[in-house]
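Below, each chain spelled out in residue letters.
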Amino acid sequence: MTGPILEGKNIVRDYHIRGGMFGAARTIHAVKGVSFKVDKGRTLAIVGESGCGKSTLARIITLIDAATAGELFIEGRKVDISKGGLTPEMRRKVQIVFQNPYGSLNPRQKIGDVLGEPLLINTTRTAEDRRELAMAMLKKVGLGHEHYNRYPHMFSGGQRQRIAIARALMLNPSLLVLDEPVSALDLSVQAQVLNLLADLQDEFGLTYVFISHDLSVVRYIADDVMVMYFGEAVEYGSRDAVFSDPQHSYTRTLFAATPRADVDSIRARLARKNAA
Amino acid sequence: MVQTTAIEPVSLDPSRRRRLADFWYYFSENRGAVIGLWVFVILVALALLAPLIAPHAPNAQYRDAVLLPPVWLDGGNAGYLLGTDAVGRDMLSRLLYGARFSLFIGVVVTTLALVGGIVVGVFAGYVGGWVDTVIMRVMDIILAFPSLLLALVLVAVLGPGLTNAMIAIALVLQPHFVRLTRAAVMAEKSREYVIAARVAGAGPMRLMFRTILPNCMAPLIVQATLSFSNAILDAAALGFLGMGAQPPTPEWGTMLAEAREFILRAWWVVTFPGLAILITVLAINLMGDGLRDALDPKLKRS
């Protein structure tokens, strides 16, 4: 596979808010012309504060919403869901893992059905086949056979996120969009899930678009970093370049706001406090 | 594979059993609901066993025993436990057979209204936009009429009879289901698991009826129970007005209507059908309240 798996050119998304009884109609520019490119097996992290357009961009990349303008290429093919439907082959190339593992699993669906559903819809595999694939996938994300017939409410947050990841991988996607996949989990579980994601990336040659506001997580997992601020990409480059030499003032503010908990920085802070 | 098939029944069972146990725990907190459930079970049993336990045929007329009082009054006859009506038919047998009609009406009307309401409501809630607006305004118009009056008009158009009465009542009860379903669907539609199913490639039909609908059922089950008693009541009212079941059908409302003129001379001819309606409706309503407590998470005291 040559060329980037995912490429976006000048992606724009506007939301039109209808004028009500008291207000005039408004247009909100959620994403203002963002361009990016991700190669196979790499991870692009999109960082920014709440409401900066990260999740809107995620929905556009995942082909849930259409972009207002701009072009999106997946595996070199142009995709536009506003014109004409989406073929199953395109659909299965991109999958998503949501932020909140408590809302992203259907409470009335057993885990086995959660994992089997994508196959049931998109393939003609037999029930026995689907079952075996689902079992294998459960193993891969660190769960067991005994979880196959359980309901989501019987799992912890970390386990649910593993299930959500397993569901996303059932169709063998080439691109996985991770919309703050660990921000709802506590710290030790975050590390487990991030390691799982890294292992799966190696195993399946996956390409990740990782959306986050947690810079320590981004530093750990990303190859490239894009910083978004009010719908614009203010900084875009490799992880090392962005972290060592931030160009935009917003990026510097963002880095400065990250709490540091290593021993040296704590000593330095105490020294400053004592001196004052 | 061998191992997993061995595990399956064990791992499947606890969740279902636990959900049932959970349900029963919340349901049995409400004493009235439990009583209502038992009364309802007894009523169903009586209705099913009517041909076996009824002492007489429901329409058999005994000319020598007209307007006989119940057995515990002077002049009562042990052959007719609850007395006889104006043409010598045994009240107890007629009431037992009447239970069959009433429960049948309840089941048919509720099913019709529920299925119709769910289909229309899911559609309105999922599609939204002008489709939703049009459907909901039509439902508002139906709701604006007093329900019995509208049923009466519909029966007048369709012609009197039990079947037409049931259709009319189902039409009148349907908007409640449409509203409930629409509201629940609109709340569920934007949840992440629905989007996840969409990303997995689920079409609109699958999203509507397999993904969203099962998560909207709790309020609908409650509303269905309450509609059940409403249907029985409305059918009895239509019967009383001569628009529902036609005599000599032993339907409770029709029995009331036939007995109207004997209300002063023979109180039992009017009282027992009335009591039967009262007890049935009360039992089902109590049961519905209990169901609401058990199924509606907002009312759970935990």
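Keep in mind the model is a prediction, meaning the values are calculated, not measured. (Residues numbered from 1 in each chain as written. Chains lettered and ligands numbered in written order. Predicted model: local features only at pLDDT ≥ 70, side-chain atom pairs only at ≥ 80, totals over all residues.)

## As for the overall build of chain B
Then step 1. Looking only at helices and strands, chain B features 12 helices and 0 strands.
Then step 2. Helices (α) and strands (β) of chain B occur, in sequence order from the N terminus, as α-α-α-α-α-α-α-α-α-α-α-α.
Then step 3. Taking the principal axes of its C-alpha atoms as reference, chain B extends roughly 75 × 50 × 35 Å.
Then step 4. Across the 302 residues of chain B, 40% fall into the buried class. (Helix = DSSP H or I, 4+ residues; strand = E, 2+ residues; numbered from the N terminus. Buried ≥ 20, exposed ≤ 12 C-beta atoms within 10 Å, placed from the backbone.)

## Points about the confidence of the model for chain B
Residue and element names in this part refer to chain B.
Then step 1. Looking at chain B as a whole, its pLDDT mean stands at 86, while 92% of the residues score no less than 70.
Then step 2. Contacts of residues 1–13 to residues separated by more than four positions or lying in other chains number 11 contacts, the stretch itself having pLDDT below 50.
Then step 3. We note a pTM of 0.80 for the whole complex and an ipTM of 0.82 for its interfaces. (pLDDT = per-residue confidence, 0-100. Contact = placed C-beta atoms within 7 Å.)

## What to know about the UniProt feature "transmembrane region" (unreviewed entry) in chain B
All names here are of chain B.
Then step 1. According to UniProt, the positions carrying the feature "transmembrane region" (unreviewed entry) are residues 33–54, 101–128, 148–173 and 262–284.
Then step 2. Helix makes up 91% of residues 33–54 and strand makes up 0%, while its end C-alpha atoms are separated by 28 Å.
Then step 3. Helix makes up 88% of residues 148–173 and strand 0%. Its end C-alpha atoms lie 10 Å apart. (UniProt positions renumbered as here; feature names shortened; annotations may be inferred.)

## Quick look at the packing of helix α3 (residues 111–122) of chain A against helix α5 (residues 157–169) of chain A
Residues and elements named next belong to chain A.
Then step 1. Between α3 and α5, whose axes approach to 8 Å, the crossing angle comes to 25 degrees. In terms of their interaxial angle, α3 and α5 are classed as roughly parallel. By crossing handedness, the relation of α3 to α5 is classed as right-handed. In this structure, α3 contributes Ile111, Val114, Leu115 and Pro118 to the contact, and α5 contributes Ile163, Ala166 and Arg167. (Axes fitted to C-alpha atoms, helices over the stretch in contact; angles between N-to-C directions. Parallel < 35°, antiparallel > 145°, perpendicular 65-115°, else oblique. Left-handed = near helix turned anticlockwise from the far one by under 90°.)

## As for the packing of α5(A) against helix α6 (residues 187–204) of chain A
All names here are of chain A.
Then step 1. Relative to each other, α5 and α6 sit at 20 degrees, their axes nearing to 10 Å. The orientation of α5 with respect to α6, classified from their angle, is roughly parallel. Handedness of the α5/α6 crossing: right-handed. Along the contact surface, α5 presents Gly157, Gly158, Gln161, Arg162, Ile165 and Leu169, while α6 presents Val189, Gln192, Val193, Leu196, Leu200 and Phe204.
Then step 2. Considering only residue class, the contact of α5 with α6 consists of 7 nonpolar, 4 polar and 1 charged. (Nonpolar A, V, L, I, M, F, W, Y, C, P; charged D, E, K, R; others polar.)

## Thoughts on unusual backbone geometry
Then step 1. The omega torsion across Pro247(B) and Pro248(B) is 10 degrees, close enough to zero to call that bond cis.
Then step 2. Along the polypeptide, Pro248(B) turns up in the loop between α10 (217–240) and α11 (252–258).
Then step 3. Of note in this structure, Asn10(A) is not a glycine but carries a positive phi near 50 degrees.
Then step 4. Even without being glycine, Leu63(A) reaches a positive phi, approximately 65 degrees.
Then step 5. Mapped onto the elements, Leu63(A) comes out in the loop between α1 (54–61) and β4 (69–74).
Then step 6. Leu63(A) gets classed as buried once you count the C-beta atoms within 10 Å, which come to 21.

## Here's the deal with the environment of Phe73(A)
All names here are of chain A.
Then step 1. Considering the arrangement of structural elements, one finds Phe73 in strand β4.
Then step 2. Residue Phe73 is classed as partly exposed on the basis of its 16 C-beta neighbours within 10 Å.
Then step 3. Considering only alpha carbons, one finds Phe73 and Val227, 154 residues apart in sequence, at a separation of 21 Å.
Then step 4. Non-local contacts of Phe73, meaning those with residues more than four positions away in its chain, are made with Glu7 and Lys78.

## With respect to the interface of chain A and chain B
Then step 1. Taken together, the contacts link 27 residues of chain A with 21 residues of chain B.
Then step 2. Listed by contribution, the elements that provide at least two residues to the side of chain A that touches chain B are α2 (88–91), β6 (94–97) and α3 of chain A.
Then step 3. If one sorts the elements of the side of chain A that touches chain B by residue count, α3(A) sits on top with 4 residues.
Then step 4. When its residues are assigned to classes, the side of chain A that touches chain B shows 12 nonpolar, 9 polar and 6 charged.

## Topic: the sheet that holds strand β8 (residues 207–212) of chain A
Residues and elements named next belong to chain A.
Then step 1. The sheet built from 6 strands is open, its strands ordered β6-β7-β8-β3-β9-β10 with mixed pairing. A strand with exactly one partner marks an edge of an open sheet, and here the two such strands are β6 and β10 (232–238). In this sheet, adjacent strand axes meet at a mean angle of 15 degrees when their direction is disregarded.
Then step 2. Relative to β8, strand β7 (residues 175–179) is paired through 5 bridges, and the arrangement is parallel. (Pairing = 2+ DSSP bridges.)

## Section: the nonpolar core
Then step 1. Of all hydrophobic cores here, the largest spans 148 residues; its most connected members are Ile46(A), Val177(A), Val209(A), Ala165(B), Ile169(B) and Ile232(B).
Then step 2. Among the elements that line this core, the one with the most residues is helix α4 (residues 91–127) of chain B, at 16 residues.
Then step 3. Once residues within four sequence positions are removed from consideration, Ile169(B) is found in contact with Val109(B), Ala151(B), Ala231(B), Asp234(B) and Ala235(B). (Core = buried A, V, L, I, M, F, W, Y, C linked by C-beta atoms within 7 Å.)

## Brief notes about α10(B)
Then step 1. The terminal C-alpha atoms of α10(B), which comprises 24 residues, lie 34 Å apart, in line with the 34 Å expected from a rise of 1.5 Å per residue.
Then step 2. Backbone geometry just downstream of α10(B) places Gly242(B) in the positive-phi region, at approximately 80 degrees. (Expected span 1.5 Å × (residues − 1).)

## A word on the pairing of strand β3 (residues 43–48) of chain A
Residue and element names in this part refer to chain A.
Then step 1. Summarising burial for β3: 6 of the 6 residues are buried, a large majority.
Then step 2. Residue alternation in β3 divides its side chains into two sets, Thr43, Ala45 and Val47 and Leu44, Ile46 and Gly48, and both sets are buried.
Then step 3. Inspection of the sheet shows β3 paired to β8 by 5 bridges, in the parallel sense. Within β8, the residue paired with Leu44 across the bridge is Val209.

## Brief notes about the sheet that holds strand β1 (residues 6–17) of chain A
All names here are of chain A.
Then step 1. Taken in spatial order, the 4 strands of this open sheet run β2-β1-β4-β5, and their pairing is antiparallel. A single partner strand is all that each edge strand has here, and the edge strands are β2 (26–38) and β5 (77–79). Each neighbouring strand pair of the sheet contributes to a mean axis angle of 30 degrees, computed without reference to strand direction.
Then step 2. In this structure, β1 lies alongside β2, joined through 10 bridges in antiparallel fashion.

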